Amino acid sequence: MTEPNEIEAAGTERNQQKAAVRWIAIGFSVSAFASLALAVVYFLGGQPQLEGTLLAIALGGIAVGLGLWASELLPKGPFVEGRKTLHDAPVDRHEAEAAFEGDPEPVERRSFLLKMLGAAVAALGVAALFPIRSLGVRPGRELYKTHWTPGARAVTRAGTPLTVNDLDVGGLLTVFPEGHVDAADSQTIVIRLDEGEYEDPPGREGWAPQGFVGYSKICTHAGCPVGLYQQETRELFCPCHQSVFKVLEGAEPTAGPATRPLPQLPLGFDDDGYLVATGDFTEPVGPGFWDRDHD
Amino acid sequence: MIKRFVRGMDERLGASSFARQALNKVFPDHWSFMIGEIALYAFVILVLTGVFLSLFFEGSTGEVVYEGSYEPLQGVEVSRAYNSVMELSYDVRAGLVMRQIHHWAALLFIAAMVVHLCRIFFTGAFRKPREINWIIGVTLLLLGIFNGFTGYSLPDDLLSGTGLRIAHSIALSVPLVGTWTAFLVFGGEFPAEDIIGRLLVVHIMIVPAAIGGLIAAHLAILWRQKHTDFPGPGRTETNVVGSKLWPTYAAKSVSLFLAVFAVTALLGGLVQINPVWLYGPFRPEQVSSPAQPDWYMGWVEGALRLMPAWELRAFGFEIPNPFYPAVLLPGITFLLLYAWPFLEARFTKDLEPHHLLDRARDQPARTALGAATLTFYTVLFFAASNDLIAKLLEVRVETVTTIYRILVLGLPPVVGYVVFRLMKGLLASGAERFTQMPLSAVLHPRR
Ligand code: FES
């Protein structure tokens, strides 16, 4: 005989199942409609926001349906499964060891042969590494020099050379050596300072004619362009890790992780009145590397 | 139908007993076991959307004039790579959504892996016999981060170009082999033309294949070893309690996959990510400001920013500044991660296999160490936006940096100690939850 509360329980369960079936069906049909709508949107030319939303509804509808199906209608358990110990019996292990050993009666000089095989494989491995060398050029001198040469005109990215009048006091420009506006390692920032406020650091006399100072634009920390200049403080900022360089003091770093000043480019004006370099940077530009001092 | 299918398979493969075992395999139901699955499904989404993107992307730095429908850039000289990404975003139907889903899924992929790793760590699921899967998991995290970086470097926009430049400098900073490494990887001095094409091969072939293979191994080992389980009534070291693979667990899991896909689709449709048209094409003398990488690179970026202006110089040689935060720190981080199961086994002298999990409070020292470590990396992560914080609070960046330097060293021990006391107190009081724990248990855990 069935107790009345059992009948009741079976009744609510049936009701719950009914509700679940309804919601699952709703989930699947919403998904189908969203997919149709997605096709229509795509056909009409597409629209990113709608596409994303409709795709989400199409996927989400099935997700909800399946999720409810699993949690409400499918066998729930909990089921218990035994867990065998992972390792096998000791005899298996011994047999595996023996199998690994392979030859139970090795020739006398097996270890010698194995060593020779090892040497041959190692040599082959080394030989196989050589194609890696083809991937790039030898580091060589490239890191130590740029395209600036004595007398090279300083031009803008568009290729325009500069005269004194092209830069006001307080202004700055990014310049390249003429003919090499694509040379990333040669990018130089030229700032025109008031001649009265700037004094050449020792050993760099005459490098900044009429207040035009040039510094490598490549941060000595990790190579970002030192792109921001604050005129009031005469400081150059690197936006990558916030190194700060003092323009009036040879671009020495005063904050941030940079350890070295930006190298200075010796500048001058040629006979036609154009801004030129009077030589290359006297040290490697950009980030450090282990043998940087071994030019 | 089913009968005929099973008979057909059995007659050809002898698969019946395997199929029966597989379909009846029991999986525990705890929600935290789903996190790894989220990572798996994010990877599936990455492959699906990635295949679509790869049909349009051009891995070349050759110059073309942009003539697509994004007006502000019309007539500008850009690389073919950038041009193809612009075309995908503006002129290929559904291209933008695919791109954005792909990027969001990548962020989710790595996030899910990190959370999964935390779950494994704090519950001691890495203990014997699961060390191999721990090692595979750490490798997957490493590969995921690496492929995320190569991926967002591909569009050749100003932000990713800045990232590549820093990567070149980091490679340069390695003692002895740095210059060669940088020149071989990039093909020469920065900005080398070959790099985009190379990154493409690495990003769409080599690393995904490795990730796919390792995931297969991860799952096969999991299958063989079976899931761990939380202690509870009826759960022992010698059983697994939960749902059967077929049909309940399979339906749940497919539902999860679709849900993850739905969330990334919604994000990809509604929340803009990596708008390369706003950054502009890469130019070596320009830089985007502010420049923050994707979130999973934040800790390295933060370390680069917090590192004081020190470097080692001796005998005319130097170990440049970026080496310490960007090579040494990640190196140590992953070394410790790889070694952790073995280190802990050594400290605790526990060489037994375990299938029942620890609760965080059961191992106060491990939990405290984990919390302190997470704190360290979280502070580094936030330090990656020291410039934005300084701007927001209207203070000097140097001030913010100094505060972070103090926090990154000071906060982890504090957090570790507090967590240690809390765990001890929780364990001693026998309370179920934090809220039920008497304060005295924290203050005097011994009583
Ligand atoms: S690249 Fe300039 S501060 Fe790091």
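Residues numbered from 1 in each chain as written. Chains lettered and ligands numbered in written order. Predicted model: local features only at pLDDT ≥ 70, side-chain atom pairs only at ≥ 80, totals over all residues. Heavy atoms only, no water.

Attention shifts here to the overall build of chain B. Looking only at helices and strands, chain B has 17 helices and six strands in total. Its C-alpha atoms give chain B principal-axis dimensions of roughly 70 × 65 × 45 Å. Counting the 447 residues in chain B, one finds 53% classified as buried. Of all intrachain contacts in chain B linking residues separated by at least 6 positions in sequence, the fraction that spans at least 24 positions is 75%. (Helix = DSSP H or I, 4+ residues; strand = E, 2+ residues; numbered from the N terminus. Buried < 20%, exposed > 50% of the residue type's maximum accessible area, 1.4 Å probe, protein only. Contact = heavy atoms within 4.5 Å.)

Right, let's talk about helix α3 (residues 90-101) of chain A for a bit. All names here are of chain A. With 12 residues, α3 extends 17 Å between its outermost C-alpha atoms, agreeing within 8% with the 16 Å of an ideal straight helix rising 1.5 Å per residue. In terms of burial, α3 is largely open, as just zero of its 12 residues are buried. Where α3 terminates, the next one or two residues include Gly102, which has phi positive at roughly 75°. (Expected span 1.5 Å × (residues − 1).)

Moving on to the packing of aromatic side chains. Taken as a whole, this structure holds 25 aromatic pairs over all chains when the rule is applied. Taking the centre distance of 5.3 Å and the plane angle of 90° together, the rings of A:Phe212 and A:Phe269 count as edge-to-face. In this pair, A:Phe212 sits in strand β5 (residues 212-216) while A:Phe269 sits in strand β11 (residues 267-269), placing the two residues 57 residues apart along the sequence. The class of A:Phe212 is buried, set by a relative accessible area of 1%. Both rings, one in B:Trp299 and one in B:Tyr377, keep their centres 5.5 Å apart while their planes meet at 80°; by these two values the pair is edge-to-face. Remark: B:Tyr377 occurs in helix α14 (residues 364-383) and B:Trp299 occurs in helix α12 (residues 298-306); sequence separation between them is 78 residues. The rings of B:Phe121, B:Phe122, B:Phe126, B:Trp134 and B:Trp340 are connected pair by pair, giving a single aromatic cluster. Lying across the ring of A:Phe112, A:Arg109 places its NZ or CZ 4.4 Å from the centre. The lysine or arginine in question, B:Lys25, covers the ring of B:Trp223, its NZ or CZ lying 4.9 Å from the ring centre. (Phe/Tyr/Trp six-rings, centres within 6.5 Å; stacked < 30°, edge-to-face > 60°. Lys NZ or Arg CZ within 6 Å of the ring centre and 35° of its normal.)

With that settled, consider the interface of chain B and chain A. Facing 81 residues of chain B, the contacting portion of chain A comprises 69 residues. Of the roughly 6600 Å² buried at the junction of chain B and chain A (both faces included), carbon and sulfur atoms supply 63%. Remark: the boundary between chain B and chain A carries two salt bridges. For B:Glu285, the salt bridge is made with A:Arg157, and the minimal N-O distance between the two is 3.3 Å. Put simply, chain B and chain A have 26 residue pairs in polar contact (both at pLDDT 80 or more) between them. (Buried area = accessible area lost by both parts, 1.4 Å probe. Salt bridge = Lys/Arg side-chain N within 4 Å of Asp/Glu carboxyl O. Polar contact = N/O pair within 3.5 Å; in protein donor to acceptor, adjacent residues only side chain to side chain.)

Residue and element names in this part refer to chain A. With respect to the helices, strands and loops of the structure, Val175 is situated in strand β3 (residues 172-177). Judged by relative accessible area, which is 1%, Val175 ranks as buried. Considering only alpha carbons, one finds Val175 and Arg153, 22 residues apart in sequence, at a separation of 9.3 Å. Not counting the four nearest positions on each side in its chain, Val175 is found in contact with Trp148, Ala154, Val155, Leu162, Ser186, Gln187, Thr188 and Val190.

Okay, the pairing of strand β4 (residues 239-244) of chain B next. For β4(B), a buried count of five out of six residues is recorded, marking the element as mostly surrounded by other parts of the structure. One ladder, built from four bridges, connects strand β1 (residues 79-82) of chain A with β4(B); its direction is antiparallel. Looking at β4(B), one finds that A:Val80 is bridged to B:Val241. Pairing geometry for strand β1 (residues 26-27) of chain B and β4(B), over two bridges, is antiparallel. Residue pairing for β4(B): B:Phe27 is matched across the bridge by B:Ser243. (Pairing = 2+ DSSP bridges.)

Spatially, three strands are ordered β1(A)-β4(B)-β1(B) in an open sheet, and the strand pairing comes out antiparallel. The open sheet is flanked by β1 of chain A together with β1 of chain B, the only strands paired with a single partner. Most of the contacts of helix α10 (residues 245-270) of chain B go to β4(B), to which it runs at about 75°, and overall it touches β1 and β4 of chain B. (Axes fitted to C-alpha atoms, helices over the stretch in contact; angles between N-to-C directions.)

Let us look at the confidence of the model for chain B. Predicted coordinates in areas of low pLDDT are best not read in detail. Put simply, chain B has an average pLDDT of 94, and 99% of its residues get 70 or more. Listed scores for the predicted complex are pTM 0.96 and ipTM 0.94. (pLDDT = per-residue confidence, 0-100.)

This paragraph deals with helix α15 (residues 386-393) of chain B. All names here are of chain B. Of the positions making up α15, those classed as buried are Asn386, Asp387 and Ala390. For α15, the angular spread of buried residues about the axis comes to 100°, placing them on one side. Facing away from the buried side of α15 by more than 90 degrees, the exposed set consists of Lys391 and Leu392. (Arc of directions from axis to C-beta.)

What follows deals with the packing of helix α3 (residues 35-54) of chain B against helix α5 (residues 95-123) of chain B. The relative placement of two packed helices is expressed as an angle between their axes plus a distance between the axes. All names here are of chain B. Two numbers describe how α3 lies on α5: the axes approach to 8 Å, and their chain directions differ by 155°. As far as their axial angle goes, α5 and α3 are roughly antiparallel. Between α3 and α5 lies a crossing whose hand is left-handed. (Parallel < 35°, antiparallel > 145°, perpendicular 65-115°, else oblique. Left-handed = near helix turned anticlockwise from the far one by under 90°.)

For the structure shown, the criterion picks out 24 salt bridges over all chains. A salt bridge links A:Glu283 to A:Arg292, with the shortest nitrogen-to-oxygen separation between them at 3.5 Å. On the basis of relative accessibility, which here comes to 25%, the residue A:Glu283 falls in the partly exposed class. Residue classification places A:Arg292 among the buried positions, given a relative accessible area of 6%. Residue A:Arg292 is joined to A:Asp293 by a salt bridge in which the shortest nitrogen-to-oxygen separation is 3.8 Å. When salt bridges with common partners are traced through the structure, they connect A:Glu283, A:Arg292, A:Asp293, B:Glu311, B:Arg313 and B:Glu318 into a single cluster.

With that settled, consider unusual backbone geometry. Residues and elements named next belong to chain B. Of note, the bond from Lys128 into Pro129 is cis; its omega dihedral lies within 30 degrees of zero at 10°. The peptide bond linking Trp246 to Pro247 adopts the cis configuration, its omega dihedral lying at 0°. Relative to the helices and strands, Pro247 is located in helix α10. Backbone geometry places Asn274, a non-glycine residue, at a positive phi of 50°. Looking at the element boundaries, Asn274 is found in the loop between α10 and α11 (276-279).

Counting 123 residues, the largest nonpolar core has A:Leu236, B:Phe109 and B:Trp134 as the members making the most contacts within it. Both of domain 1 (4-77 + 103-133) and domain 2 (143-291) of chain A provide at least three residues apiece to this core. Once residues lying within four places of it in the same chain are set aside, the contact partners of B:Trp134 are B:Leu117, B:Ile120, B:Phe121, B:Phe126, B:Leu337, B:Tyr338, B:Trp340 and B:Pro341. A:Ala154, A:Leu167, A:Phe212 and A:Phe281 belong to the second largest nonpolar core, which has 16 residues in total. (Core = buried A, V, L, I, M, F, W, Y, C linked by side-chain atoms within 4.5 Å. Domains from an automatic or database assignment.)

All names here are of chain A. Across the sheet, four strands lie side by side as β6-β7-β8-β9; this open sheet has antiparallel pairing. Only two strands of the sheet have a single neighbouring strand rather than two, namely β6 (228-230) and β9 (252-255). With direction set aside, neighbouring strand axes in the sheet form an average angle of 35°.

Moving on, we get to the pairing of β3(A). Where strand β2 (residues 154-155) of chain A lies against β3(A), two bridges are found, and the strand directions are antiparallel. Within β3(A), the position partnered with A:Ala154 by the bridge is A:Pro177.

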